[in-house]
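# Reading the structure
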Amino acid sequence: MNELKVTGRQEFMGLEIPVVLGGFGEGKKCISDKTVAEIHRMEVWNVRARITDNIKRFTECVDCIDIKQRLYEAKTLDTKEYLIALLTELGYAKQSITQAEHIYILSERGYVKLIKIMDTDLAWEIHDKLMDEYFEMREEKHFYEELSPELQAIFAHDKKIQVIDKRLDHIENTMTIDYGQQQELRNIAKCRALTIIGGKDSRAYTFIYPSKGKFDKPIRLYGRLNSRMWHDYQDYFRINSYRNTPAVRYEEAVAYLNRWTAPINIQLDIEKANADEFDDYDVLN
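A brief look at the structure comes next. (Residues numbered from 1 in each chain as written. Predicted model: local features only at pLDDT ≥ 70, side-chain atom pairs only at ≥ 80, totals over all residues. Heavy atoms only, no water.)

### As for the packing of aromatic side chains
Applying the stated criterion across every chain, the model contains eleven aromatic pairs. Through a chain of ring-to-ring contacts, the aromatic side chains of Trp230, Tyr233, Tyr236, Phe237, Tyr242 and Tyr256 assemble into a single cluster. Geometry around Tyr134 places Lys29 over its ring, the cationic atom sitting 4.7 Å from the centre. When the ring centre of Tyr205 is taken as origin, the NZ or CZ atom of Arg220, which lies over that ring, is 5.0 Å away. (Phe/Tyr/Trp six-rings, centres within 6.5 Å; stacked < 30°, edge-to-face > 60°. Lys NZ or Arg CZ within 6 Å of the ring centre and 35° of its normal.)

Structure follows, in structure tokens:
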């Protein structure tokens, strides 16, 4: 068995999974049953059972390695300490190492065999992502190692630039509009509301819905119009306040407010208020 080693961690489907090399050949990536369980949202005992129940399909040292079996067979203290340290680095708790009957490490081929045993749409979907984003990355690494030191330095610099670009994109995508833009949106919304209601000189602008009860709070039609506009705005942009409008969507926000139209029930109320057609029996709930 080639030496297994954890060389780092990699983000995959929102998880930080260990990058494991060796075991099945120098520089070849492999994956633990624990990581498989995590990315497929399964219990680790379930993954092990699938392998154990179909162990005849798996070739030792080609498809899988049973680390727990290696622990049983270890003849030196150094070997046992190496294997326990490896499992600990892979995220296995000391108790789970002790209690487990098997702890499998799978090669790329072994992982494919396991997916065939699972044979669900979700399993194959995750398989495709793992092949592209985890196993296939080894070719890029080998190519990089064969380059001259000068070219490696150039590629390293380029990767740093890519990381910076990603961070800048993240900042840009999460940054919200500034105070000046907030004020501009408020002004646009105010102008739009006044246009819809007929201006400050219209009857609808000062109209207050007739009270239906002694303790009812008076409701202005203009206030109701504004509230609905901002409600629709926040719902469209999926935010809890116009102040949290993403900066990258500011132009879209301006266009939205300039084109917003009141729902038909409010439009009818505006028409009736301007025509002085409201009476005590014609008030919306």
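### A look at the sheet that holds strand E1 (residues 5–12)
Taken together, five strands build an open sheet; the order of strands is E1-E2-E3-E5-E4 and the sheet is antiparallel. The open sheet has two edge strands with one neighbour each: E1 and strand E4 (64–66). Strand-to-strand twist in this sheet, taken as the mean axis angle between neighbours without regard to direction, amounts to 35°. Where strand E3 (residues 29–32) meets strand E5 (residues 104–107), three bridges bridge the pair, whose relative direction is antiparallel. Bridge pairing in E5 places Ile31 opposite Leu106. (Pairing = 2+ DSSP bridges. Helix = DSSP H or I, 4+ residues; strand = E, 2+ residues; numbered from the N terminus. Axes fitted to C-alpha atoms, helices over the stretch in contact; angles between N-to-C directions.)

### Here's the deal with the pattern of salt bridges
For the structure on display, the rule yields ten salt bridges. Note that Arg109 and Asp63 form a salt bridge whose closest N and O atoms lie 2.6 Å from each other. Placement of Arg109 in helix H6 (residues 108–118) and of Asp63 in the loop between helix H2 (44–53) and E4 is noted, with a sequence separation of 46 residues between them. We note a salt bridge from Asp232 to Arg228, for which the minimum N-O separation is 2.9 Å. Here the residue Asp232 and the residue Arg228 both occupy positions in helix H12 (residues 221–237), the gap between them amounting to four residues, near one helical turn. (Salt bridge = Lys/Arg side-chain N within 4 Å of Asp/Glu carboxyl O.)

### With respect to the packing of helix H10 (residues 179–197) against H12
Packing of H10 against H12 brings their axes to within 10 Å, and their N-to-C directions diverge by 130°. Regarding the angle of H10 to H12, the classification is oblique. Crossing handedness for the pair H10 and H12: right-handed. Between H10 and H12, the residues in contact are Leu185, Arg186, Ala189, Lys190, Arg192, Ala193, Leu194, Ile196 and Ile197 and Leu221, Tyr222, Leu225, Asn226, Met229, Trp230 and Tyr233, respectively. (Parallel < 35°, antiparallel > 145°, perpendicular 65-115°, else oblique. Left-handed = near helix turned anticlockwise from the far one by under 90°. Contact = heavy atoms within 4.5 Å.)

### So, the side chain of Lys68
Within the fold, Lys68 resides in helix H3 (residues 67–73). Despite its burial, Lys68 remains without a salt bridge, the nearest opposite charge being carried by Asp66 at 7.9 Å. At 2.8 Å, the side chain of Lys68 and the backbone oxygen of Ile97 are in polar contact. Excluding its chain neighbours within four sequence positions, the residues that come into contact with Lys68 are Ile97, Thr98, Gln99, Ala100, Glu101, His102 and Ile103. (Buried < 20%, exposed > 50% of the residue type's maximum accessible area, 1.4 Å probe, protein only. Lys, Arg positive; Asp, Glu negative; His and termini not counted. Polar contact = N/O pair within 3.5 Å; in protein donor to acceptor, adjacent residues only side chain to side chain.)

### Focus on the environment of Arg243
Within the secondary structure, Arg243 is located in the loop between H12 and helix H13 (250–259). A residue is classified by how much of its surface remains accessible, and Arg243, at 44% relative accessible area, is partly exposed. Sequence-wise, Arg243 and Asp178 are 65 residues apart; in three dimensions their C-alpha atoms are separated by 8.1 Å. Residues contacting Arg243, with those up to four places away along its chain left out, are Thr176, Ile177 and Gln182.

### A look at H2
Taken together, the buried positions of H2 are Val47, Arg48 and Ile51. Relative to the axis of H2, the buried residues are bounded by an arc of 95° and lie together on one face. Turned more than 90 degrees from where H2 packs its buried face, Trp45 and Asp53 sit exposed. Check the buried side of H2 and you find it contacts helix H1 (33–39), E5 and H6. (Arc of directions from axis to C-beta.)

### Examining unusual backbone geometry
Look at Arg41: it is not a glycine, yet its phi comes out positive at around 55°. For Arg41, the location among the structural elements is in the loop between H1 and H2. Arg41 gets classed as exposed once you look at its relative accessible area, which sits at 68%. Positioned with a positive phi, Cys61 is a non-glycine residue whose angle comes to about 70°.

Functional significance is not addressed by these values, which are geometric in nature.
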